[in-house]
Amino acid sequence: RKEVEQDPGPFNVPEGATVAFNCTYSNSASQSFFWYRQDCRKEPKLLMSVYSSGNEDGRFTAQLNRASQYISLLIRDSKLSDSATYLCVVGGTGFQKLVFGTGTRLLVSP
Amino acid sequence: SQTIHQWPATLVQPVGSPLSLECTVEGTSNPNLYWYRQAAGRGLQLLFYSVGIGQISSEVPQNLSASRPQDRQFILSSKKLLLSDSGFYLCAWSLDLTGELFFGEGSRLTVL
C-alpha cells in the first residue's frame, strides 16, 4: 500500500461547480497534513495546511479524518484558474520528512 | 523576504555525462534544504536533505550525490548520468517543523 494515495483524475468540472478530492495515508502516526497546488511544469506551492479541526480559506476547505486516515479538499465555485494538480502531503514526527501523493488533476472548463 | 533559485532550468545531457544542479536560498539563515525528483506520472521523491553545512542525508541509493558547501547553497551532482535520471528536479527549503516547503522553479533534465 502506498504511504499516500490520491485519485489521479482528471476531474473535469464546469466553472462554478463544487469539487472534492480525498487522499488516504497509511501511517497512523502522521502528524502534519497539507495540500499543495502544482501548475503544469511548475513547482508545487502550498495551498493550505490541514488542521484537526478542519480549516477554510475562501473557497477552499480542508478536513482531516484521523480515524479513517484521510484528508479532503473541497473547492467551491470553481474558477478556470483552479485548473492544476493538487498534491496531498503527509508528514510524520521528528525531522520533517514529507511524503507526497502523486496528485489529483483538476480541469475546470468554461 | 526569502527567495530560492535553482539552475539551470532546462538541460539535455547524454548518458554518461556529469551533472551539476545548483540551488541558493536568500533571506534566511540555517534553512533545511532538500532535493526532490518528480518523474512523469509519479509523486515527488525525496533524494537528499540537509540540516546544516556539510550535513547530507540520502533517502534513496542512486548515482546522485549532494553537497552543501555553504549555509544557503545546495548542489546536486552526478559523475555519470543514466537514462533513468531524467526528470524534474526540485530544490526546496524549510525553516522549521511546520512542514511548509518552499520550492525553487525546478530543473528539467532529459538524459538521452
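From a predicted model like this one, the values you see are computed outputs, not experimental measurements.

Enquirer: An account of the nonpolar core is requested, with residue identities and associated values reported.
Expert: Membership of the largest hydrophobic core comes to 23 residues, with the highest contact counts inside it found for F21, W35, I71, L73, I75, Y86 and L106 of chain A. Counting only elements with at least two residues in this core, the list comes to β3 (19-25), β4 (32-38), β7 (60-65), β8 (70-75), β9 (84-91) and β11 (104-109) of chain A. Discounting chain neighbours no more than four positions away, the residues touching I71 of chain A are F21, N22, C23, Y25, F33, F34, W35, V50, Q63, L64 and C88 of chain A. Judged by nonpolar contacts, the second largest core, of 20 residues, contains F74, L76, C91 and W93 of chain B.

Enquirer: Summarise unusual backbone geometry; cite the residues concerned and give the values.
Expert: Along the chain, G9 of chain A connects to P10 of chain A via a cis peptide bond; the corresponding omega equals 10 degrees. Here P10 of chain A is to be found in the loop between β1 (4-6) and β2 (11-14). Each neighbour pair has its own omega, and for W7 of chain B with P8 of chain B the value is 0 degrees, a cis peptide bond. Relative to the elements of secondary structure, P8 of chain B occurs in the loop between β1 (3-7) and β2 (10-13). In this structure, R41 of chain A takes a positive phi of about 65 degrees despite not being glycine. Here R41 of chain A is to be found in the loop between β4 and β5 (44-49). Relative accessible area serves as the criterion here: at 55%, R41 of chain A is assigned to the exposed category. Even without being a glycine, N30 of chain B presents a positive backbone phi close to 50 degrees. Take N30 of chain B: it is sitting in the loop between β3 (19-26) and β4 (32-38).

What counts, and at which threshold
Residues numbered from 1 in each chain as written. Chains lettered and ligands numbered in written order. Predicted model: local features only at pLDDT ≥ 70, side-chain atom pairs only at ≥ 80, totals over all residues. Heavy atoms only, no water. Core = buried A, V, L, I, M, F, W, Y, C linked by side-chain atoms within 4.5 Å. Buried < 20%, exposed > 50% of the residue type's maximum accessible area, 1.4 Å probe, protein only. Helix = DSSP H or I, 4+ residues; strand = E, 2+ residues; numbered from the N terminus. Contact = heavy atoms within 4.5 Å.

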